[in-house]
Amino acid sequence: MTTPDDTPVLDDATRDPEAFRASAPIILDGVDVGIDDRSFRPHGESGDTLLDGLNPQQREAVEYRGPALLIVAGAGSGKTRVLTHRIASLLANREAWPSQILAITFTNKAAAEMRERVEALVGESAQGMWISTFHSACVRILRREAENFGYNRNFTIYDAGDSKALLKRIIKELEADTFGFTPGSAAARISKLKNELSDVDSFARTADRSDPKEAMFLEIFRTYTRELARASAFDFDDLIGQTVYLFRAFPHIAALYQRRFRHILVDEYQDTNHAQYELIHALTQPIEPDEVAELEAKDYNLGKLVDATGRVPGASLTVVGDSDQSIYAFRGADIRNISEFERDFPGARVVLLEQNYRSSQNILSAANSVIANNFDRKDKKLWSAGGDGEKIIGYTGYSGHDEAQFVADEIEKLHSAGVPYNEIAVFYRTNSQTRALEEIFIRSALPYRIMGGTKFYERAEIKDAMAYLIAVANPADEMALRRVLNTPKRGIGPATEAQLAGYAEANGFTFRQAMRDAGSLGMGPKVTSAIVELARLLDEGATMIDPENPAGQSKVSDVLVHLLKGSALVESLRASRDPQNEARAENVEELVAVTKEFERNNPEGGLVEFLTEVSLVAAADEIDDASGTVSLMTLHTAKGLEYDAVFITGVEEELLPHRMSANEPGGPAEERRLFYVGITRARKRLYLSLAMTRAQFGDVAVALPSRYLQEIPAELIEWKQSPGFANSRGGTQSRALNARRASRQPDRGLSGAGGSFGAKPEIPASAWPNRVTAQVRDNGDLTLEPGDRIRHVDFGDGKVTAVTGEGSKRVAHVQFEKSGAKKLLIKIAPIEKL
DNA sequence: TTCCGACACTTTTTT
DNA sequence: AGTGTCGGAA
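Residues numbered from 1 in each chain as written. Chains lettered and ligands numbered in written order. Predicted model: local features only at pLDDT ≥ 70, side-chain atom pairs only at ≥ 80, totals over all residues. Heavy atoms only, no water.

The name given to chain A in an unreviewed UniProt entry is DNA 3'-5' helicase, with the source organism recorded as Humibacter ginsenosidimutans. In its Sequence similarities (unreviewed entry) section, the UniProt record describing chain A reads: "Belongs to the helicase family. UvrD subfamily." (UniProt positions renumbered as here; feature names shortened; annotations may be inferred.)

The following block contains the structure:
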């Protein structure tokens, strides 16, 4: 979890210079636009030293001043450095106050890092800046302005799962499933529309209503929108879209932010969608004279901002991006935003950064030759002054488990050669690939962390506990109430739920009110008291955070503990005989710990702030660089990160490129960019691996090497085990794949094996000395000592050389006769003592 | 209303 | 393989 970017908006303070000084002591004497106080000296480097160590292009990107700047930054070209130095130089030269800077990054983690790096350059004057994601920035604006357009500032944020749950109910009620609608398909379509800034009305105007399916979709969209509004909730896409509507509908509110942010910087611009583009566009508009007058009438000091025409010119915009790293088209990212930047912002300067400071030349050459296969791109070649470096290592496993064992073994080798675990990462295309990796890593006692995937906050029991908190913070949120209604079991079934909803509808009040009044519904005494009791518990929670409450604001953890006690959520999990429920109970207790952690990091933050933070945490935010663990993540999550050693697994057709991308326009090209992003994360070592067979949906399918492998020149790859088997047409894969170089394991045993596509390959197991099965066993409290001989199901006989660790985490270091040295977790490894 | 077993369906990537 | 959903019985 990251610290939220919760610096207060300084608008109120800037109206009154005295208050401003008090709240931001680093800024002396001042109106926020007066930049003439000579005593303001940032700590750290002065303006000149900010340019030290930068190449000429980087310098230009830092120094250029003008309305618009596009920095085309290839992978590893130091763009974060350029961005932070650019911000630092604006501050150091006192061309801008911190509060006038808005920097948008892709993840909270990137935002935190950028803030840290700017602070390292200029010291604490970095405090008042807004450095955040699009979503966080919009939440701040929306909470601030919510009351101005009919929303409650305690609105709930629905994540993708919440949206789908709501749509599921709507589709059921409308019986829309008969038209083939699923929550997923409806959510995707609505999301797409919102990313294009379409709302129900504009969609209704263009939709073909004579088509019953279209009419039904319109009905779904309309109901969904109404339900969100009724619950005082925004979905992810609304956060951006509603902010744009807000600015359009209320120019005087837009003017506040146009005035405040004089320098806007956007990272990963190639992944912005239309709504985000419009948001940036709105923020960089000039303030017209009538709005200027209105602002001044409200005592906002515009001072020197007003130009000769009586307007405040638009903020200066800096965007950084690389169209070769655009991997979010599926989410509405529009590559035209970057390719047509010069047209959108006339007079824009473009700076190209092509020198790579991250990777060895071999890695870059591979990346260049892969991406060169995407036509319709500006040619751009990364180069490094750092020398060729190591060759790329290739490996073909018999199965996903075999591949995982290779990865584990190589990681162990790297580690004993001095590469720390946290400098090693394993990437894959789909989250489902983690299973095999995880099994092997646990068995091999490798410390690892999975980024993203099934996230803590997506677990059912955590969502239940969170729903209690949401119901307290936002009583209008019916979905949270419905979720909480019968968890833990209270004997309130769907029939009762429907009765409550009907009662609320008929009387024109909220679901929550209906719960309070359950007594007048004539239901059974047990059910009635359960409902009334729950309503009372939630109301108690609400008074605990009520700002009017004389007893003061309770801490989030106190509210949560009170709700958990009152609802007996944890106890009911503990009482159940399902063994998994013990782990669930522990998860809920972990959530209490999370709230306490939040309180430590955010002494000012309340329940709403906590809920916001939880809603906006992303996979990449969890990455803890200091921990000594290997990181496992999807290729998407890997964007923006770098490691000494990188493993890309599952480099197979149907997986990379993924089969789902085949039919999408631009799909294969986007998949290629994804591969390119993965390759360019590596500094020194790159491993590409694949498997001949891969388990999916419970059975085994044949896999073919990815077409992208052939695009890497053969001399860059050293195959530990090449995928040189016959393909479906009876020929062989390209020369690159057959890699006729001297290899310790010649291709002999492989080529010709396998056979026609679709059949299970009959490959002699002897061809894979490392062939690994998914077997796990419980060895109880088997004890091993150095010198013991053991037999492993997959690796054969070996001798224990050392034993480390405690209790269930005891690890045997074993020298196998045929398979080399390995570490095994004694408790679960498929071994027996001889 | 809840519980249980049979079943169907899943897996693209994420703020 | 694992999870969610549905129908029927208690």
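**Student:** Is there a simple way to think about the overall build of chain A in this case?
**Tutor:** A count of helices and strands for chain A gives 31 helices and 22 strands. A sequence separation of at least 24 residues applies to 72% of the contacts in chain A between residues at least 6 apart. If you sum the accessible surface of chain A, you get close to 35,900 Å²; carbon and sulfur atoms cover 51% of it. (Helix = DSSP H or I, 4+ residues; strand = E, 2+ residues; numbered from the N terminus. Contact = heavy atoms within 4.5 Å. Areas by Shrake-Rupley, 256 points an atom, 1.4 Å probe, with all protein chains shown as cover.)

**Student:** I would appreciate a short explanation of the packing of aromatic side chains in the present structure.
**Tutor:** Both the distance between ring centres and the angle between the ring planes are used here to describe each pair of aromatic rings. Applying the stated rule across the entire model yields 23 aromatic pairs. On the basis of an interplanar angle of 75° and a centroid distance of 4.7 Å, the ring pair of F155 and F234 is categorised as edge-to-face. Here the residue F155 occupies a position in the loop between α6 (134–145) and β4 (156–158), and F234 occupies one in strand β5 (residues 233–235), the gap between them amounting to 79 residues. Judged by its relative accessible area of 2%, F155 is buried. An angle of 75° between the planes, with centres 5.8 Å apart, marks the rings of F441 and Y448 as edge-to-face. When its relative accessible area of 0% is taken as the criterion, F441 is described as buried. (Phe/Tyr/Trp six-rings, centres within 6.5 Å; stacked < 30°, edge-to-face > 60°. Buried < 20%, exposed > 50% of the residue type's maximum accessible area, 1.4 Å probe, protein only.)

**Student:** Would you explain the side chain of T84 in this entry?
**Tutor:** Its place among the elements puts T84 in helix α4 (residues 79–92). On the accessibility criterion, T84 (1% relative accessible area) is buried. Beyond its immediate stretch of four places on either side in the chain, T84 contacts M114, R117, V118 and L121.

**Student:** Whenever I open this one, the UniProt feature "binding site: ATP" (unreviewed entry) in chain A confuses me. Can you help?
**Tutor:** The UniProt record annotates "binding site: ATP" (unreviewed entry) at A73, G74, A75, G76, S77, G78, K79 and T80. Inspection of the secondary structure assignment puts A75 in the loop between β1 (68–73) and α4. Beyond its immediate stretch of four places on either side in the chain, A75 contacts D322, Q325, N356, R358, L382, T680 and R681. The topology assignment puts T80 in helix α4.

**Student:** Just to check I follow, could you spell out the sheet that holds strand β11 (residues 448–450) for this structure?
**Tutor:** Strand pairing in a sheet is mediated by backbone hydrogen bonds. Such pairs are either parallel or antiparallel. The parallel open sheet is built from seven strands, whose spatial order is β11-β12-β10-β13-β14-β9-β17. With one partner strand each, in any of the chains shown, β11 and β17 (717–721) form the two edges of the open sheet. Averaged over all pairs of adjacent strands, the angle between their axes in this sheet comes to 20°, without regard to strand direction. (Pairing = 2+ DSSP bridges. Axes fitted to C-alpha atoms, helices over the stretch in contact; angles between N-to-C directions.)

**Student:** Can you help me understand the pairing of strand β2 (residues 101–105) in this one?
**Tutor:** A regular strand places its side chains on the two faces of the sheet in alternate fashion. Counting buried positions along β2 gives five out of five residues, so the element sits mostly inside the fold. On β2, burial covers both faces: I101, A103 and T105 on one face and L102 and I104 on the other are all buried. Inspection of the sheet shows β2 paired to strand β6 (residues 263–266) by four bridges, in the parallel sense. Looking at β6, one finds that I104 is bridged to V266. Sheet topology note: the β2/strand β3 (residues 130–133) ladder contains four bridges and is parallel. Considered in β3, the bridge of I104 is made with S132. Following the chain from β2 across helix α5 (residues 108–122) to the adjacent parallel β3, one finds a crossover that is right-handed. (Right-handed = clockwise from strand over helix to strand, strands pointing away.)

**Student:** Explain the protein's contact with DNA strand C here, please?
**Tutor:** Surrounding DNA strand C, one finds K168, F697 and G698. Looking at DNA strand C alone, sugar and phosphate atoms form 38% of those within 4 Å of the protein. (Near = heavy atom within 4 Å.)

**Student:** Sorry, what's going on with the packing of helix α11 (residues 236–249) against helix α12 (residues 251–260) here?
**Tutor:** If you want to describe how two helices pack, look at the angle between their axes and the distance between the axes. Where α11 contacts α12, the axes come no closer than 5 Å and their chain directions differ by 110°. As judged from the angle between their axes, α11 and α12 are roughly perpendicular. The residues of α12 that touch α11, namely those facing L246, F247, R248 and A249, are P251, I253, A254 and Y257. Looking at side-chain class alone, the contact of α11 with α12 contains seven nonpolar, no polar and one charged residues. (Parallel < 35°, antiparallel > 145°, perpendicular 65-115°, else oblique. Nonpolar A, V, L, I, M, F, W, Y, C, P; charged D, E, K, R; others polar.)

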